[in-house]
Amino acid sequence: MAKIVICDDDPVITKALLVCLQGSGHKLYVASDGLEGLKLVERERPDLVLTDVAMPRLNGFELVDAIHARADLHQVRIILLSASAQRSQLEEGYSHGVADYIVKPFTVVDLRRRVERVLNGGVDG
Amino acid sequence: MANVASLPPGISSEPVPRISDDLRRTLKITFWLVVGLLLSYIYSNAALVLPSWIEAPDPLFPPQAVILSVLLLTPMRRWWVYLTTYYVIQVVQGMVLASLPPWYASLSNLANVIEPLVGAALFRRFVPQSQQFTSLRAVAIYIGSVTLGSIVGATWGAASRALAGAPFEQSWPGWFLGDLLASLVLAPTIVLWVTAGRLALRPSRARLLEAVALLGAILLLGWLVFGTKIQDPDRAPALLYLTVPLLLWAAVRFGPRGLMTALSLVTVLAMASAAQNLGPFLGASSSANLFTLQLFLLGIGVPLFCLAALVRERQLAQERLQQSEERHRAVVGTLPHGAVLLFGPDLRHRFAGGHGVPEIGLLETIEGRTLHESFPEEMAKSLEPHYRAALAGASESFDLTQDDRTYEVEVLPVADADTPTGMVLLQDVTDQRRAEVLAEDNAQLEQLNRAKSEWVSVVSHEFRTPLTGIQAFSELLRDEAFPLEQVREFAADINREAERLSRMIGDLLDLERMEAGQMTITLAEVDLNVLVEEAIMSSGPDTSHHTLLRELDPTLPVLIADRDKLTQVIVNLLGNAIKYSPDGGDVTVGTSCDTSLAHLWVRDQGIGIPADDLEAIFRRYTRLESGYNVSIKGTGLGLPIVRQIAELHGGQAWAESEAGVGSTFHVTLPLKGEAGAD
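Each chain has its residues counted from 1, following the order in which its sequence is written. Each chain takes a letter, starting from A, and each ligand takes a number, starting from 1, following the order in which they are written. Given that this is a predicted model, residues contribute local features only at a pLDDT of at least 70 and side-chain atom pairs are listed and counted only at 80 or more, while totals for whole chains, interfaces and linings are drawn from all residues. Heavy atoms throughout the structure, all of them, feed into the side-chain values; hydrogens and water do not.

## Describing the overall build of chain B
Argument step 1. Each helix is a run of H or I in the DSSP string that is no shorter than four residues. Each strand is a run of E no shorter than two, and both are numbered from the N terminus. When helices and strands are counted, chain B shows 17 helices and 12 strands.
Argument step 2. Counting every position in chain B, which comprises 678 residues, the buried fraction comes to 42%.
Argument step 3. Across chain B, every contact between residues at least 6 apart in sequence was considered, and the portion connecting residues at least 24 apart equals 66%.
Argument step 4. Reported accessibility uses the Shrake-Rupley method at a 1.4 Å probe radius. Residues are deemed covered only where the shown protein chains occlude them. Carbon and sulfur atoms provide 60% of the accessible area of chain B, an area that totals close to 35,600 Å². A 1.4 Å probe rolled over the protein chains alone gives each residue an accessible area, and that area as a share of the maximum for its type sets the label: buried under 20%, exposed over 50%, partly exposed in between. Pairs of residues are marked as contacts when any of their non-hydrogen atoms sit within 4.5 Å.

## Side note on the packing of aromatic side chains
Residues and elements named next belong to chain B.
Argument step 1. Geometry of aromatic contacts follows a simple scheme: Phe, Tyr and Trp rings, the Trp one being its six-membered ring, pair when their centres are within 6.5 Å, and the pair is stacked under 30 degrees between planes, edge-to-face over 60, tilted otherwise. All told, the structure shown has 13 aromatic pairs over all chains when counted by the stated rule.
Argument step 2. Ring plane angle 75° and centroid distance 5.9 Å describe the contact between Trp-103 and Tyr-104, whose orientation is recorded as edge-to-face.
Argument step 3. For Trp-103, a relative accessible area of 44% puts it in the partly exposed group.
Argument step 4. Both rings, one in Phe-123 and one in Phe-133, keep their centres 5.9 Å apart while their planes meet at 20°; by these two values the pair is stacked. Taken together, the residues Phe-123 in helix 5 (residues 102-126) and Phe-133 in the loop between helix 5 and helix 6 (136-164) connect sequence positions 10 residues apart. Take Phe-123 and Phe-133: they sit in the same class, and that class is buried.
Argument step 5. Three or more aromatic residues joined by ring pairs form one cluster here, namely Phe-123, Phe-133, Tyr-142 and Phe-305.

## Concerning the packing of helix 1 (residues 11-21) of chain A against helix 5 (residues 108-119) of chain A
All names here are of chain A.
Argument step 1. Running from N to C, helix 1 and helix 5 point in directions that differ by 65°, and their axes come no closer than 10 Å. Put simply, helix 1 runs roughly perpendicular to helix 5. Relative to helix 5, the crossing made by helix 1 is right-handed. Counted together, Leu-17, Val-19, Cys-20 and Leu-21 of helix 1 and Val-108, Leu-111, Arg-112 and Val-115 of helix 5 form the full contact between these two elements.
Argument step 2. Asp, Glu, Lys and Arg are counted as charged, while Ala, Val, Leu, Ile, Met, Phe, Trp, Tyr, Cys and Pro are counted as nonpolar; the rest, among them Gly, fall into the polar class. Looking at the contact of helix 1 with helix 5 residue by residue, the classes come out as seven nonpolar, no polar and one charged. Helix axes use the C-alpha atoms of the stretch in contact, all axes being lines fitted to C-alpha atoms, and the angles between their N-to-C directions lie in the range 0 to 180 degrees. Should an angle fall under 35 degrees it is called roughly parallel, over 145 degrees roughly antiparallel, and 65 to 115 degrees roughly perpendicular, with every other angle called oblique. Helix crossings are classified by the rotation of the near helix relative to the far one: an anticlockwise turn of less than a right angle makes the crossing left-handed, while a clockwise turn makes it right-handed.

## Concerning the pairing of strand 4 (residues 77-82) of chain A
Residues and elements named next belong to chain A.
Argument step 1. Along strand 4, five of the six residues are buried, which leaves the element largely enclosed by surrounding structure.
Argument step 2. Here five bridges tie strand 3 (residues 48-52) to strand 4, and the two strands are oriented parallel to one another. Each bridged residue has a counterpart across the sheet, and for Val-49 the counterpart in strand 4 is Ile-78.
Argument step 3. For the segment spanning strand 3, helix 3 (residues 60-69) and strand 4, crossover handedness is right-handed. Pairing between strands is defined by DSSP: at least two bridges between them are needed. Crossovers are described as right-handed under a simple rule: with the strands pointing away from the observer, the path leading from the first strand over the helix to the second runs clockwise.

## A word on the interface of chain B and chain A
Argument step 1. The interface of chain B with chain A comprises 25 residues on the first partner and 29 residues on the second.
Argument step 2. Values labelled buried area give the accessible surface lost by two parts on being combined, using a 1.4 Å probe and summing over both. In total, about 2,200 Å² of surface goes out of reach between chain B and chain A, with carbon and sulfur atoms giving 63% of it.
Argument step 3. By definition, a salt bridge exists where a carboxyl oxygen of Asp or Glu is found within 4 Å of a side-chain nitrogen of Lys or Arg. The interface formed by chain B and chain A contains four salt bridges.
Argument step 4. For this analysis, a polar contact is any N or O atom pair within 3.5 Å, provided that within protein one partner can donate a hydrogen and the other can accept it, and provided that sequence-adjacent residues contribute only side-chain to side-chain pairs. Across the contact surface, chain B and chain A share seven residue pairs in polar contact (both at pLDDT 80 or more).
Argument step 5. Broken down by element, the residue count for the side of chain B that touches chain A peaks at 12 residues, all from helix 13 (residues 430-479) of chain B.
Argument step 6. Looking at the side of chain B that touches chain A residue by residue, the class counts come to nine nonpolar, seven polar and nine charged.

## Concerning the side chain of Ser-264 of chain B
Residue and element names in this part refer to chain B.
Argument step 1. Secondary-structure assignment places Ser-264 in helix 9 (residues 244-275).
Argument step 2. A residue is classified by how much of its surface remains accessible, and Ser-264, at 11% relative accessible area, is buried.
Argument step 3. When near neighbours in sequence (up to four residues on either side) are disregarded, Ser-264 contacts Val-185, Leu-186 and Thr-189.

Below, the structure written as structure tokens:
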């Protein structure tokens, strides 16, 4: 059982993510922007962070950098979610050192598979 | 001398004189000097060699001519070599061949050294070596110098002779005339032929023929005058003057060199005939003949020499002028597509150069024609004020179009001593201008393209967000079992997101239509305040984090406007206010009016908008460079739609903002229904 922090400012998407992952047996936490997400991560030390890129106050990339800057959060793995499928964004995502990058809209099956893979130690990219 | 510092030490920056060359040269000239002297002695003593020759006194003294020529052809610093050689040879010759006592030989020959020295030195002082005999001034100076030299020499020589017993006044004239004539006739001949040889000029065939004809004429005349026994010996010497036309011919057509050569030839013929006991000299005594000949040569030679110099001067000036003109033409001729024109106060083109501009018929034939004769009528009319301005001193630069070609024209004044002159520089720049316009168009297109693809990615990004919910929930419903309540809930979510997506697409289409001028509005009486309340209540955005305030003016009259569109405006502005104040705060909606306008405004306490972006936000395809750029959701179309609607009604929309404090969005609408589709 793992701890997962979900971070997205769109409530519908947040809800969809929750519903997708609720049967997996992992413990799920929700934040609605990057700043809240960071606080949540600091507090809960999750195994995985599933975060959107476009968010107010602290966007996805900034959140990733903030997590990586903390020595004590190095084991936190991150999956980025974004509506942008542009190559440059993908590359930027991977260059920030994330474990995976999922493009919206995603299929439920694909989401679950990637989450499991990252949690089990596989790193994509 | 700044360059000296950069050379390595020990190396001079002046070229090293080529000593061996100079020495070789001096020796060569000395050699020719000796040869010349020997030849002249042989000539003077021809009687020793050719028995048929009766010795006749020389009208001129050849050695004098030789040494003078040498001095005239060499740099001053070497003169001492030649003069010394000459002196030694003369003294030796005098003592050996003429059996003169050593003291007399030494003394009298000093005169022979001083004389050419004085003459050449004076001449060189005023005329550079390169310009001998090329102008009247030079020739006049030469005549003066050698005259002075001859005076000095004759005086010294006659004085020496006087010491030896010959009377002074008897020796002086002969010596003077002999030396003067040698200097005036023979020396220039030698010098001019030697320098001509150095230049290696190639005369034309016609000129060669003419020279041969002249030579032939002189010889013929010479034979007639000098080669026959004359019937009337008293009148005979006057026959000399028959040679004058030929000498004139030589002077005018062949310059100083031709004249001197002809004169030398005549002299030689005269002397030869006298020595052969022929010709016009036979009647009187030999000294009288000599005198006649000498005066003839002097009297005719000097003026003709001056004339010849004048002729040469004019010739050189013409050559220089022609060269200069050719050079200028060559330079101007390299202008690729244009023309250079010079014109005067009468607008007549004095000069036309360049490749010309065939499209408007502008060629070298322009020269001599006036402005209106050279250009097509409209062009001439447009050019005329510029021409006149240039004559008055103004420089003007402009483009001119004729028959679909564009010309870049510059008309400038030219500094000219005598008359006001203008210059025209004309170049066909049609292709250049077209390229420039194309480049500009291309740049604009590229910019549009870039903006468009940016916008496309923004929009697709936004569309994908509601699609995500639709995709996820519909997949979940399809593949898994959920309690009925949740099924309903998810279905509602899908529905809502679908509507959201639909609205987005609708906004986009509306904006397209409005911008293309294809939108129609339905006018009706509308109470703005009521509309505000309705908008807030029915389709209002999520205002849970914000406090919604109203400042509605109750005296606001009824408007004639499109109800739905105004509702959209209010909804968009409210949504915007909330979007740009993510930390919550007050959002105030207000209405007011004045005599002609109704005023709607929405104020928030959000992040604010930088002053530079206050206009940009009303344009679609823009992304603000604010720090929240990536996180502000929406199509970026809300505000452009607001402005379009306002303008459709005849009103305006704008924003005011202070970064970090908040923003206020304003919309004005005319009260008296001035609305209409653009």
